[in-house]
Amino acid sequence: MATGMNLDLKGRTALVCGASAGIGAASAKLLASQGARVIALARREEELKKLVASLPGQGHRYVVADLMDRPALALKVKTAIGDAGGAIEILVSNSSGPKGGPILEATEDEFLSVFEQHMLSGHTLAQLLVPGMKDRGFGRIVNVISTSVKVPIPNLGVSNTIRWAVASWAKTLATELAPYGITVNSVLPGYTETDRLFSLLKASAGTQKRSEEEVAEEWKKHTPMRRFGKPEEIASAVAFFASPAAAYITGTALAVDGGRTGSL
């Protein structure tokens, strides 16, 4: 008889993208606390070193890679797969968001570069990791996207467009991989205390000629909980989707946003 929720990831290996800070770093820490071996991937080596040194457990590593350079990314992840003994069963696909702005002011290159960073890099990683997941009969792909896939966010034209593409890709992939015991889910953060949020606050304050504190208070009023989320709160949803407890959940997009999103 089961005595509780099974969150145990001992013996599993997780590749966490964007792990040098924010939601990625918080996810890496929580997955490690559940027993997973973590491969932390990001561009900033010094931050990755600090993260890996802080993780509980053993066998953690880091990979310095840029999601915009897919050939180099693929080569480095192939090496990591070999080092992991042939399988990385958990992929946390996470990356920093693009700059804000009205959609008609966005250039073609901005759309293309963000599509490369968010959509194509995730696709490349899935192609590399899914064969090992199939061999193990266990796989978890968790995409960290945005609530904009449910309700577009004003002044984030490029992000709204590309995030929706990632969500549609994930839903399609979930159906294809379900027979193999591999789940694909998405976590949709609301306002979360990360470098990304603070940069958007600064930009908005400059445009409105108001203080960042005033803009922050206004944004909080759009969230029923009247506060910003913590990276660790988003990571909790990531870790749940990665766990055995979520084995029968796939193709889902879960908003972790303090109730902000105005749709079901």
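Above: the structure in question.
Residues numbered from 1 in each chain as written. Predicted model: local features only at pLDDT ≥ 70, side-chain atom pairs only at ≥ 80, totals over all residues. Heavy atoms only, no water.

## What to know about the sheet that holds strand β2 (residues 37-42)
Definition in use: For two strands to be treated as a pair, DSSP must find at least two bridges joining them. Starting at the N terminus, helices and strands are each numbered in turn, a helix being any DSSP run of H or I of at least four residues and a strand any DSSP run of E of at least two. As a rule, the C-alpha atoms of each element are fitted with a line to give its axis, helices using only the stretch in contact, and angles between N-to-C directions run from 0 to 180 degrees. Any two residues whose heavy atoms approach within 4.5 Å are treated as being in contact.
Taken in spatial order, the seven strands line up as β3-β2-β1-β4-β5-β6-β7 in an open sheet, and their pairing is parallel. Bordering the open sheet on either side are β3 (61-64) and β7 (253-256), each of which pairs with just one other strand. Between one strand axis and the next, the sheet turns by 15° as a mean value, whatever way the strands run. As paired strands, strand β6 (residues 182-189) and β7 are joined by four bridges and run parallel to one another. Across the sheet, the residue bridging to P189 is V256, located in β7. Contacts from helix α1 (residues 22-33) reach β1 (13-17), β2, β4 (90-93), β5 (139-144) and β6 within the one sheet, and its direction differs from that of β1 by about 170°. Running over the sheet, helix α2 (residues 45-54) touches β2 and β3 and is turned about 170° from β3.

## Looking at unusual backbone geometry
Positive phi is not limited to glycine here, since N155 has a value of about 70°. Tracing the backbone through its elements, the reader meets N155 in the loop between β5 and α5 (157-177).

## Description of the nonpolar core
Operational definition: Throughout this description, the term nonpolar core refers to a set of buried Ala, Val, Leu, Ile, Met, Phe, Trp, Tyr and Cys residues connected via side-chain atoms within 4.5 Å. Burial status follows relative accessibility: with a 1.4 Å probe on protein chains alone, a residue under 20% of its type maximum counts as buried, one over 50% as exposed, and anything between as partly exposed.
In this structure, L15, L41, V77, I88, L91, L129 and I141 are the most contacted members of the largest nonpolar core, which totals 34 residues. Element by element, the count of residues in this core is highest for helix α4 (residues 108-136), at seven residues. Sequence-distant contacts of V77, defined by excluding residues within four places in its chain, comprise L15, L41, L125, L128 and L129. Listed in part, the 30 residues of the second largest apolar core include L9, L31, A32 and V38.

## Regarding the environment of E212
If you trace the backbone, E212 turns up in helix α7 (residues 212-221). Between the C-alpha atoms of E212 and K202, which are ten residues apart in sequence, the distance is 5.9 Å. Those residues in contact with E212 that sit more than four places away from it in its chain are L201, K202 and A205.

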